[in-house]
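Breakdown of the fold
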Amino acid sequence: MKTTHPTRRSFLAGTAALGVAGTAGFPRWAFAQERVLRLRYDGDATILDPGYMIGGTDVETQKQCLPFLTEYVVKDGTVSWQPTYYVKKFEQRDPTHLDFELEDFLEWSGGHGPVTAADVKYSLERMKTTDWSGYYDAMDHVEVTGERTGTIVLSQPFAPFIIVTLCHGTGAILSEKAMKEVGEKFTTEFPAIAGPYLYEHIPGQRVIFTSDPNWKGPKPDFDRVDCHIITEVKAAELAFEAGELDCTEIGADTLARYNAALPEDAKLTVAGELQYMWLGMNTDHPKLKDKNVRRAIQHAVDVDAIIQGAYSGTTAKSNGIVCPGLVGHRDATKFYSYDPDKARQLLEEAGVSDLTLRLQTLNNQERMLTAQIIQANLGAIGITVEILPLDSGPFWDAGMEDKGDAWKDIELHIMRFSSQPDPYEAMQWFVSDQVGVWNWERWSDPEFDALYKEGIAESDPAKRAEIYLRMQDIMEETGAYVWINHEPEPYAHRASIEISSAPSGELDYRRFKQL
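Residues numbered from 1 in each chain as written. Predicted model: local features only at pLDDT ≥ 70, side-chain atom pairs only at ≥ 80, totals over all residues. Heavy atoms only, no water.

Some remarks on empty space enclosed by the protein
This model, assessed by the stated rule, comprises one cavity of 30 Å³ or more. Estimated volume of the largest cavity: approximately 30 Å³. Asn-282, Gly-399, Trp-407, Ile-410, Gly-436, Asn-439, Trp-440 and Arg-442 are the residues that line the largest cavity. Looking at the lining of the largest cavity residue by residue, the classes come out as three nonpolar, four polar and one charged. (1 Å grid on protein atoms, 1.4 Å probe; cavity = no way out; pocket = protein on both sides within 12 Å on 5 of 7 lines; lining within 4 Å. Points joined across faces, edges and corners; volume = space filled by probe spheres on them. Nonpolar A, V, L, I, M, F, W, Y, C, P; charged D, E, K, R; others polar.)

Below, the structure written as structure tokens:
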């Protein structure tokens, strides 16, 4: 299936057309009593399979069509969890046993029968062999005790398992029968669904969720959700201000502007700051194998200038991958600071001159500004940087060995991951077996791997903090990272709508409220 992305120009033309057509194009009330929610997707979904997804809108799509056992609750700034309406019961019997009972009304589409405890067992145990297996390091197995009842058995006490693993897209339940019919993997078509919405994807244009007439559970406030695929955040902001979208993520400069003066009938909600962004270096690449070259780059980048120049001062400076408020968050770097003279000295010690490097980044305003500042910083110490902006699909495939040979050409990259409310989640992507998957810096360290396992087994917060601080020291000491920021996930939406989001920023439309 060919996927295309509209350009900003084509989208704005489309937006203007909507304006000409008035509300007849995508009205909130398409038919009598039909409530329509109009949102933005930043790109086409690529893989909806929870075992092989990228995240972001993949997770948002799963949340509308697949059952989950638990979900996030944010109250007064505190993140916790609660059972979903897909279960009659979800209880932690003791530190290693989680009992559940599914609701009787749950049925899979396509005649695949009831949603059963065997489906839960299949779905969660399957995850232990997928790209997202790290989320299940603490789970041993699932016991089926009845058609709709079972117990998740952990191999060791690990309190974050519920909120980090089961509430996230990794906790999605699939139909075992339907999965076996499609070869046990899928991309953009669910083998079977069991949720309040049906799903339709028109590549390059929009994703549409419509009420499932066979759904017997609680009805969402909106009968239909139209998610328009708009790759550029600025175009989405214009659409929001023109009244064509009800909710959209906004960029840093618009956040600063809206903090000063909100548009009429608008409200801001910041989902959280569980993002961490960095400049990464491929330690396997011949141009970057010398640690002195990597250290020179660490000293050459002015992160404060990036935060002001690319983010209008709206983001927190990062000193590692553990986000603010979590155990193991670092207050400062240990092995580098902004020092161009030191950077030049390190390059001279490496005997490197006339170096040219390629910097890959997602093609959006903040990342491009960040790339341009890095380009200028490295130019000041004699390194020429060629910026390669990429759309979402080719960017996220670049470092994956199973997607081709593009990983061999990666030199520098600007990367941002979303995290969950526990530091172990961020660490899992940098263990040795993630080289060629999500560890695009391609280093490995036995001590780091051992500490990762210790962190999962340790329950004492002070000892966990020591573990995760040491792990970030190891990462930084490789010279492969320049920490940049912890970017918030701000959404502008109509004041008449209450949005629902995960701490990492993914929206859950079925939980939106019409006030």
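So, helix α6 (residues 233-241)
For α6, the tally of buried residues reaches seven of nine residues, placing the bulk of the element in the interior. Looking one or two residues beyond α6, the residue adopting positive phi is Gly-243, at roughly 85°. (Buried < 20%, exposed > 50% of the residue type's maximum accessible area, 1.4 Å probe, protein only. Helix = DSSP H or I, 4+ residues; strand = E, 2+ residues; numbered from the N terminus.)

A short note on the sheet that holds strand β14 (residues 316-317)
The strands making up a sheet are joined through hydrogen bonds of the backbone, oriented either antiparallel or parallel. Strand order in the open sheet formed by six strands is β14-β18-β13-β17-β15-β16, with mixed pairing between adjacent strands. The outermost strands of the open sheet, each flanked by one partner alone, are β14 and β16 (383-390). In this structure, strand β15 (residues 355-362) lies alongside β16, joined through eight bridges in parallel fashion. By the bridge assignment, Arg-358 is partnered in β16 with Glu-386. Contacts from helix α11 (residues 365-379) reach β13 (275-281), β15, β16, β17 (412-418) and β18 (481-486) within the one sheet, and its direction differs from that of β16 by about 170°. (Pairing = 2+ DSSP bridges. Contact = heavy atoms within 4.5 Å. Axes fitted to C-alpha atoms, helices over the stretch in contact; angles between N-to-C directions.)

Let's talk about the sheet that holds strand β12 (residues 266-270)
Reading across the sheet, the three strands line up as β11-β19-β12 and stay open at both edges, with antiparallel pairing between neighbours. Of all strands in the sheet, those with a lone pairing partner are β11 (247-249) and β12, marking the two edges. Each neighbouring strand pair of the sheet contributes to a mean axis angle of 20°, computed without reference to strand direction. Inspection of the sheet shows β11 paired to strand β19 (residues 490-494) by three bridges, in the antiparallel sense.

Some remarks on the UniProt feature "domain: Solute-binding protein family" (unreviewed entry) in the protein chain
Listed under "domain: Solute-binding protein family" (unreviewed entry) in the UniProt record, and renumbered for this structure, are residues 91-433. Along residues 91-433 the backbone is 28% helical and 23% strand, and the end-to-end C-alpha distance reaches 33 Å. (UniProt positions renumbered as here; feature names shortened; annotations may be inferred.)

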